[in-house]
Amino acid sequence: MIPAPVTPPQKVAEAAPSPPQHLRPADISITFADKVRSAVQNAVVFPMAARAAHLSGQTKVTFDYKDGMASGASVLITSGNRILDKAALAAVHVAHFPSATAEYAGRILTFEIWVKFLGVDEHE
């Protein structure tokens, strides 16, 4: 019996790992997260009904951001008032977000942001 020829192992070219397409809050730079947070907070319209009732509070929202656009917004932690929660979601939908940096272009970033509704006598 003739032994079969032994073929030396071949090197397989390893592809460079591609960056994850979906980033969680911990993977996003503080500087960029602050810009997104500011965009949402600046878009807040304090509802007249809430103002008249002297309501204040904060709502934690989550949403996905991709290339300057938000989607999938929902309330993570309620303020305890439906009017404020709706206004927080509305702020996400109308916010003027910063453009994605080269590092985040084409990627989905998930944000969790506290939206604050301060009463007349309250200060940040």
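Preceding this section is the structure that the text describes.
The structure displayed is predicted, hence computed values, not measured ones.

Turning to the overall build of the protein, a few remarks are in order. Secondary structure summary: the protein contains three helices and four strands in total. Counting helices and strands in the order they occur from the N terminus, the protein gives β-α-α-β-β-α-β. Relative to its 124 residues, the protein shows a buried fraction of 31%. Looking at the protein alone, contacts between residues at least 24 apart form 80% of all its contacts between residues at least 6 apart.

A word on the pairing of strand β3 (residues 69–77). Direction of pairing for strand β2 (residues 57–66) relative to β3: antiparallel, over a ladder of six bridges. Note on β3: the bridge partner recorded for Thr62 is Ser74. The turn linking β2 back onto β3 is made up of two residues, and Asp67 within it adopts a positive phi angle of 50 degrees.

Right, let's get into helix α3 (residues 82–94). The end-to-end C-alpha separation of α3 is 19 Å, in line with the 18 Å expected for 13 residues at 1.5 Å each. When α3 is considered as a whole, its buried residues turn out to be Leu84, Asp85, Ala87, Ala88, Ala91 and Val92. Buried residues along α3 cover an arc of 160 degrees about the axis, so they all sit on one side. Residues of α3 that are exposed and point more than 90 degrees away from the buried face comprise Arg82, Lys86, His93 and Val94.

Time to look at the side chain of Lys60. You can see Lys60 is positioned in strand β2. Excluding residues within four positions of it along the chain, Lys60 makes contact with Ser74, Val75, Leu76, Ile77, Glu112, Ile113 and Trp114.

Before going further, it helps to examine the sheet that holds β2. Hydrogen bonds between backbone atoms are what pair the strands of a sheet, whose relative direction is either parallel or antiparallel. Ordered by their spatial adjacency, four strands build an open sheet running β1-β4-β2-β3, and the pairing between neighbours is mixed. Only two strands of the sheet have a single partner each, and these edge strands are β1 (22–23) and β3. Here helix α1 (residues 30–42) sits on the sheet in contact with β2 and β4 (108–117), set at roughly 50 degrees to β4. Against the sheet, α3 engages β2, β3 and β4, with an angle of about 30 degrees to β2.

Following the criterion strictly, the structure yields two salt bridges and no others. Close ionic contact of Glu112 with Lys60 constitutes a salt bridge, the shortest N to O distance being 3.9 Å. Placement of Glu112 in strand β4 and of Lys60 in strand β2 is noted, with a sequence separation of 52 residues between them. On the basis of relative accessibility, which here comes to 39%, the residue Glu112 falls in the partly exposed class.

Criteria and cut-off values
Residues numbered from 1 in each chain as written. Predicted model: local features only at pLDDT ≥ 70, side-chain atom pairs only at ≥ 80, totals over all residues. Heavy atoms only, no water. Helix = DSSP H or I, 4+ residues; strand = E, 2+ residues; numbered from the N terminus. Buried < 20%, exposed > 50% of the residue type's maximum accessible area, 1.4 Å probe, protein only. Contact = heavy atoms within 4.5 Å. Pairing = 2+ DSSP bridges. Expected span 1.5 Å × (residues − 1). Arc of directions from axis to C-beta. Axes fitted to C-alpha atoms, helices over the stretch in contact; angles between N-to-C directions. Salt bridge = Lys/Arg side-chain N within 4 Å of Asp/Glu carboxyl O.

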